[in-house]
Amino acid sequence: MAILEILEFPDPRLRTKAKPVAEVDDSIRTLAGDMLETMYQAPGIGLAASQVNVHQRVIVVDVSEEQDDPHVFINPEIELLGEEILYPEGCLSVPGYYEEVTRHNHIRVSALNTEGERFTLEAKDLFAICIQHECDHLDGKLFVDYLSTLKRNRIRKKLEKAHREAG
Ligand code: GNR
Ligand code: NI
């Protein structure tokens, strides 16, 4: 297992559109395991491969309090159900900022598991919100894209300054 480096906004690599996984093999299983370890140690409730500079369609999510309910979704496809809700989101690639974003409170996800088998599940509330957030990453989209240009630019400038000062 390994802790992977998380890219931070406005790194242009976060804008890469991830490619579908062609075959679920040991390299993908290792990636998923490393992503879970990286997510837990951050700590976060989700992580997309895009955030660790791997542009393949893999996400991991665990919204449990005890960090004992890991989910891996490979080539996820989501169907939006339920109603729109506002929820304050954060992102490991936008550290220190939380802003309200509109999401659906209920979704259906179809994906491959780490054995390469397709499965479907329904997710609600924070689990649903997190999966939508992670799927956005795979398309190069960040929660700050839903904010006003003014707010996004303020966050960008603060993070650029923090990155300069961190060397
Ligand atoms: O840890 C995270 N918390 C979070 C809170 C509200 C909505 C979405 C998230 S996902 C985020 C981890 C992350 O950046 N995943 O891409
Ligand atoms: Ni994120």
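Details of the structure are given in the entry above.
Presented here is an overview of the structure given in this document. Predicted model, so just to flag it, every value in this text is computed and none were measured.

**Quick notes on the pairing of strand 5 (residues 118-124)**
Then, number 1: Bridging between strand 4 (residues 99-112) and strand 5 involves 7 bridges; their strand directions are antiparallel. If you follow Ala111 over to strand 5, its bridge partner there is Phe119.
Then, number 2: Between strand 4 and strand 5, which pair antiparallel and follow one another directly, the connecting turn spans 5 residues, one of which, Gly116, has a positive phi of 80°.

**Details of the site of ligand 1**
Then, number 1: Taken together, 13 residues sit near ligand 1, with Ile45, Gln51, Leu92, Glu134 and His137 positioned nearest.
Then, number 2: Within the backbone of Gly46, a nitrogen or oxygen atom sits 3.1 Å from a nitrogen atom of ligand 1.
Then, number 3: At a separation of 2.6 Å, an oxygen atom of ligand 1 approaches a polar side-chain atom of Glu134.
Then, number 4: The protein chains hide 92% of the 380 Å² of surface that ligand 1 would expose on its own.
Then, number 5: Among the elements of the structure, strand 3 (71-89) and helix 2 (125-138) are those that each provide at least two residues to the shell around ligand 1.

**Comments concerning helix 1 (residues 26-41)**
Then, number 1: With 16 residues, helix 1 ought to run about 22 Å at 1.5 Å a step, and its terminal C-alpha atoms sit 22 Å apart, in line with that.
Then, number 2: Of all the positions in helix 1, only Ile28, Leu31, Ala32, Gly33, Asp34, Met35, Leu36, Thr38 and Met39 are classed as buried.
Then, number 3: The inward-facing, buried residues of helix 1 contact strand 1 (46-48), strand 2 (58-61) and strand 3.

Quick notes on the rules
- For every chain, the first residue of its written sequence is number 1, and the numbers climb from 1 along that sequence.
- Going through the entries in the order they are written, you letter the chains from A and number the ligands from 1.
- A pLDDT threshold of at least 70 governs which residues receive local features in this predicted model, and a stricter bar of 80 or more applies before side-chain atom pairs are shown or counted, although totals over entire chains, interfaces and linings include all residues.
- Hydrogens and water are ignored here; the side-chain numbers use all heavy atoms of the structure.
- One bridge is not enough; two strands pair if DSSP finds at least two bridges between them.
- The secondary structure listing takes helices from DSSP runs of H or I that are at least 4 residues long and strands from runs of E that are at least 2 residues long, numbered from the N terminus.
- Being near a molecule or strand, for a residue, comes down to having at least one heavy atom within 4 Å of it.
- As used in this structure description, the phrase polar contact means that two N or O atoms lie within 3.5 Å; if the pair is within protein, one of them must be able to donate a hydrogen and the other to accept it, and residues adjacent in sequence are counted only when both atoms belong to side chains.
- To measure how exposed things are, a 1.4 Å probe is used in the Shrake-Rupley method; for residues, cover is taken only from the protein chains shown.
- Residue count minus one, scaled by 1.5 Å, sets the expected span of a helix.
- Each residue's exposure class comes from its accessible area (1.4 Å probe, protein chains only) as a fraction of the maximum for that residue type: buried when under 20%, exposed when over 50%, partly exposed otherwise.
- Any two residues whose heavy atoms approach within 4.5 Å at even a single point are treated as in contact.

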